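Below, each chain spelled out in residue letters.
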Amino acid sequence: MRKEKLYLSNNSRNCAHPSHQHDPESAESCSLTEDDVEPKLKYVRLSNDIKNILSEEAISCIAVHPRFLCLGTHWGRIHMLDHQGNCVHTVINRKENAHILSVNRISVDSRGEQIATCSDDGKVIISGLYTDENNQVLSTGKIIKAVELDPNHNRSGSGKRFIIGDNKLVMYEKTFLKGLKSTILSDSEGQVTAIKWNGQFVAWASSLGIHVYDLNEKCSLGFIQWEEPKEGKLTDYRCNLNWSNATTLLIGWVDTVRICVIRKRNAVEVSTRNLPVHIVDPMSTFQTDFFVCGIAPLETNQLVVLGYAKERDSETNKALRPILCVLQYNASDYIEICTDSLSMRGYEEYKCDDYHLDCLIDENQYFIVSPKDVVVANLYETDDRHFDEAARLCQRVFGADKQLWEEEVYKFVKVKQLRSVSSYIPITDACKLNPHVYEMVLYEYLQLDPSGFLQLVKDWPPRLYNTKAVINAVNDHFNKKDANILLEALAILYTHEKEFDRALTMYLKLQHKDVFELITTYELYGMVKDCIVQLIELDSERAIAMLLKDKIPAEDVVRELEHCEQYLYRYLDAYDKVTSNEKFHWRLVNLYARYEPDKLLSFLKRSNSYPIQEAYDICQGLKFYPEMVYLLDKMGSTREALTIIMHNLQDVPMAIDFCKEHDDMDLWNDLINESVDKPHVMTKLLNSIAGFINPELLVDKIKPGQDIEGLKESIIKMLCGYSLQVSIQEGCNQILGADYFDMHERLVRVQQGALCVTPDHVCGVCRRDIIMKDNMKTDIVMFNCRHYFHEPCLLDKYNLDICIVCNTKKLGSTGTF
């Protein structure tokens, strides 16, 4: 097929704020060579909250509505955002993962009040954004690649219909009694991979081709068979379906594009041949040089096609950048209006089906999606042309000449095109213009492009302009439509002015997570005392991590969270992990019992800072039996604890271990008495008591004729164990007896040994030398404790059984004199 090339604008287009237009890897780069024609589309990369989402998750699908974007991820989550990438706070965003596997498809009704999602996990989930009255969770047990809501799903009497595809096409609708009625519209040749609903017509793709079904006539209007690709299989590629109007169907599959029109048959055909009223006519078919990732309408006979290059990078053998083409088609070929190469993040690693294209037809706005990027393309308007080139020339001609820049800027003011020059205007200290110039640029953005205004406030250093004047301008032009954008800008501006209390208020009103960075950067811990609950509601993990720092007293946090017990639990649980302080343990008993019972027993065992009776009452009320056993044991009520083990837990091994641990005969008697009428318990006791109690106590309890399974083996085992214990005890006694006599003999030998008396020894009473040089003979008294005395120095010469020094020490240690 012939392909005419009218224009080729093969630019590396990336999209973000204009201030980055000279970065070849930034998303707004759209510089043209001298031979390039005027571009057809301009690009902006979505940022704001979507950056946080993409830092953790990867996009698997998208649905676009005039009021919001809806992203599905490979983690099974759904995210609602506005068209600037900010999170929209709906019940959808507050839910946990909708699916356990990747979200395959998202469908939104025309009023933007209901969404449907499907996944390989076999679930189809329908959720309301404002009410859960019509919510549905359908578990099919099959892989579901496509789901489509009736565009008039919320209209009264519509039946709340939706269509899903597995190995057949099935429509569900609510009946009068609120049950779901299913109707098989058509069997499929394999897996249904795509569905697109438009009024009474439903287009859907199977593994062989595309069908169009008429819901009014309840019949298929025809089958469009698709050729297998030269390499691979047809099922290796996603079929892309879109309706450009009520009767025109756009199809892009593998590398072929087909445009079909649904028309009415003439009356003769219908009446004579019993054929459906409508027929599907292919009006254009052509092949592209690339694989088709998405297709959308533009103007009459024009398409926007997202493409994936067939060839690979010659050096790295990795994928090339995706391309966005504007094509004008006729019956069998097309004219290429322009082609833009897009630097999507991580494009080198992606496959064809990793890219998606969705659009808002009425606004000529196109959303290009990869797993880690979302770029928005819009048609260039008259105001976008000619001025950008002039601004670029200003940078080349004026350089760092401050006076020339200021003179030229006023020319852009007259035509209200300061936005065009904003990305080129000098902002360095080497060429800093009059603050009024920057304020004029900001003012124009504020009036005509609030999102651009916010981006400039983020990008421009505050030294360039008078922040108070800009704050006043924002307050003067505040409007509800752009409230979130303007509040975020005010928060940044108040931060520049060091009015942190106001900045904090703005971020909290917005529920914007930059509030945490503001608090930590400027150490505003003293200001957050009254907004702790709001911070936890915004991001519990970051808020609690911040509160655990020593900057905010724990007592203040606990006081603020008194009426939000779940938040109080999260905080105290985290607090307990990072500190050895147990002053809040009395609160944690009740909180663990309510919110995480699995942690309660281990907490009770490691803590000694809670009222035991109060903890027991809580556990008793909730029937936490293992915890009750532990607390009763701790209070000394072991017999009551054993009763709970036997009656409530019915855990015989635990009861036996409990008795072994305490080695209390009363406990053993209770356990034996409980076991008399329970043969299976009796057997376990016989197998376990050897060495702890006399087996006769248990054997005597066995009633004559009582049937106990395995009794013989158990008694033999018990007796063997008991015999072994007796043998061990006898052996121990023999060893102890031998040791006793050995030690006694050794003691006698020591006491019979000689004691040496030298001149160095002194009397224990008079403290003089024990050997005296005089004519009088003095007897010496010696004790085995090695204390020596002159006999005259002893008070009681006839009581020499005890050393008076050792006896005095003994009496002194006991406090007796």
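Before any of the text, the structure's been laid out above.
Here the structure is a predicted model, which is why all the values come from computation and not from measurement. (Residues numbered from 1 in each chain as written. Predicted model: local features only at pLDDT ≥ 70, side-chain atom pairs only at ≥ 80, totals over all residues. Heavy atoms only, no water.)

Comments concerning the overall build of the protein
And then number 1: The number of helices and strands found in the protein is 27 helices and 31 strands.
And then number 2: Here the protein, with 817 residues, has 47% of them falling under the buried criterion.
And then number 3: Carbon and sulfur atoms make up 49% of the accessible area of the protein, which amounts to about 42600 Å² in all. (Helix = DSSP H or I, 4+ residues; strand = E, 2+ residues; numbered from the N terminus. Buried < 20%, exposed > 50% of the residue type's maximum accessible area, 1.4 Å probe, protein only. Areas by Shrake-Rupley, 256 points an atom, 1.4 Å probe, with all protein chains shown as cover.)

A short note on the pattern of salt bridges
And then number 1: Summed over all chains, the structure comprises 28 salt bridges.
And then number 2: Close ionic contact of Asp 120 with Lys 145 constitutes a salt bridge, the shortest N to O distance being 3.2 Å. You can see Asp 120 sitting in the loop between β8 (114-119) and β9 (123-128) and its partner Lys 145 sitting in the loop between β10 (136-139) and β11 (146-149), a full 25 residues away along the chain.
And then number 3: The partner of Arg 263 in a salt bridge is Asp 281, and the shortest N-O contact between them spans 2.5 Å. In this pair, Arg 263 sits in strand β21 (residues 256-264) while Asp 281 sits in strand β22 (residues 278-287), placing the two residues 18 residues apart along the sequence.
And then number 4: Using a relative accessible area of 25% as the deciding quantity, one classes Asp 281 as partly exposed.
And then number 5: Each of Asp 573, Lys 577, Glu 596 and Lys 599 takes part in salt bridges that share partners, so that together they form one network. (Salt bridge = Lys/Arg side-chain N within 4 Å of Asp/Glu carboxyl O.)

Concerning helix α1 (residues 49-56)
And then number 1: Regarding α1, the residues found buried are Asp 49, Ile 50, Ile 53 and Leu 54. Taken end-on, α1 shows its buried residues confined to a sector of 130°, consistent with a single buried face. Those residues of α1 that are exposed and aimed more than 90 degrees away from the buried face are Lys 51, Ser 55 and Glu 56.
And then number 2: If you follow the buried residues of α1, they end up packed against β4 (59-65), β5 (68-73), β6 (78-81) and β29 (373-379). (Arc of directions from axis to C-beta. Contact = heavy atoms within 4.5 Å.)

Some points on the sheet that holds strand β12 (residues 162-165)
And then number 1: An order of β11-β12-β13-β14 is seen for the four strands of this open sheet, with the pairing classed as antiparallel. Sheet topology places β11 and β14 (180-187) at the edges, where each strand pairs with a single neighbour. Averaged over all neighbouring strand pairs, the angle between strand axes comes to 20°, with direction disregarded.
And then number 2: Across four bridges, the pairing between β12 and strand β13 (residues 168-174) is antiparallel. Bridge pairing links Ile 163 to Met 171 in β13. (Pairing = 2+ DSSP bridges. Axes fitted to C-alpha atoms, helices over the stretch in contact; angles between N-to-C directions.)

Describing the environment of Leu 504
And then number 1: Mapped onto the elements, Leu 504 comes out in helix α11 (residues 500-510).
And then number 2: Judged by its relative accessible area of 4%, Leu 504 falls in the buried class.
And then number 3: Sequence separation between Leu 504 and Ile 519 is 15 residues, and the spatial gap between their C-alpha atoms is 8.0 Å.
And then number 4: Apart from residues lying up to four places away in sequence, Leu 504 is in contact with Val 515, Leu 518, Ile 519, Met 527, Val 528 and Cys 531.

Description of the packing of helix α22 (residues 652-662) against helix α24 (residues 679-686)
And then number 1: The N-to-C vectors of α22 and α24 enclose an angle of 40°; their axes lie 10 Å apart at closest approach. With respect to α24, the axis of α22 lies oblique. The two elements α22 and α24 cross, and the hand of that crossing is right-handed. Facing α22, whose interface residues are Val 652, Pro 653 and Ile 656, α24 presents Val 681, Lys 684 and Leu 685.
And then number 2: Of the residues in the contact of α22 with α24, the class split is five nonpolar, no polar and one charged. (Parallel < 35°, antiparallel > 145°, perpendicular 65-115°, else oblique. Left-handed = near helix turned anticlockwise from the far one by under 90°. Nonpolar A, V, L, I, M, F, W, Y, C, P; charged D, E, K, R; others polar.)

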